[in-house]
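The lines below spell out each chain.
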Amino acid sequence: MIADGRGMNEQRLSETSASKYLISTLTTLAADAEDQIAWLDRYRLETDDLALDYENARGAILVLTETGRIGAVMASRLSHIDAILDAMSGPEHAARWTYEALTTDAGWLAVRQLAREALGELAGTWQQPMPTLRTYSAPDDP
């Protein structure tokens, strides 16, 4: 374990890699609901994977904050996204994690707007191509 509490992946994450990862995860949150649904279906993911991916971006956010790429306003915006997603979590909020909720839920609409604002600042525009994920298939049985 590293003395400052960060994991090995976070320690080795370069500023460039951190920026690419954050832009990628913000892209999935900023996309129109129809694009999110198509992307989730394409990769056989669940709606909560959008939030889990953003949670995994905390290391990237830390790197970018430490290097000065993210200032106080951006850090606040990113924390607000995290807070909204956290408030939507738990079994009592299961209805907020459906495809229908992606199009109608106030929390998702707020997350989408904040992600778009963050992308506008980080990448120049919120409209980015949806990330391509690596897919693996099991080898055929002999």
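As a reminder, the structure under discussion sits directly above these lines.
So, here's what we can say about the structure. (Residues numbered from 1 in each chain as written. Predicted model: local features only at pLDDT ≥ 70, side-chain atom pairs only at ≥ 80, totals over all residues. Heavy atoms only, no water.)

1. What about the nonpolar core?
Residues Leu 22, Leu 26, Tyr 54, Leu 78, Ile 81 and Trp 108 are the most contacted members of the largest nonpolar core, which totals 36 residues. Among the elements of the structure, helix H2 (15-30), helix H3 (33-42), helix H4 (48-56), helix H5 (58-66), helix H6 (72-87), helix H7 (99-104) and helix H8 (106-123) are those that each provide at least two residues to this core. Considering every element that reaches this core, the biggest residue donor is H8, with 7 residues. Discounting chain neighbours no more than four positions away, the residues touching Leu 22 are Tyr 54, Ala 57, Ile 61, Leu 64, Ile 70, Leu 78 and Leu 122. (Core = buried A, V, L, I, M, F, W, Y, C linked by side-chain atoms within 4.5 Å. Buried < 20%, exposed > 50% of the residue type's maximum accessible area, 1.4 Å probe, protein only. Helix = DSSP H or I, 4+ residues; strand = E, 2+ residues; numbered from the N terminus. Contact = heavy atoms within 4.5 Å.)

2. Some details on unusual backbone geometry
Even without a glycine there, the phi angle at Arg 44 is positive, about 55 degrees. By secondary structure assignment, the location of Arg 44 is in the loop between H3 and H4.

3. Brief notes about the packing of H2 against H5
Put simply, H2 and H5 touch, their axes get as near as 9 Å, and they point 130 degrees apart. When the interaxial angle is binned, H2 and H5 end up oblique. The interaxial crossing formed by H2 with H5 has left-handed handedness. Here Glu 15, Ala 18, Ser 19, Tyr 21 and Leu 22 of H2 come into contact with H5, specifically with Ala 60, Ile 61, Val 63 and Leu 64. (Axes fitted to C-alpha atoms, helices over the stretch in contact; angles between N-to-C directions. Parallel < 35°, antiparallel > 145°, perpendicular 65-115°, else oblique. Left-handed = near helix turned anticlockwise from the far one by under 90°.)

4. Brief notes about the environment of Ala 87
Considering the arrangement of structural elements, one finds Ala 87 in helix H6. With 20 residues separating them in the primary sequence, Ala 87 and Gly 107 have C-alpha atoms 8.7 Å apart. Excluding anything up to four places from it in sequence, Ala 87 contacts His 93 and Arg 96.

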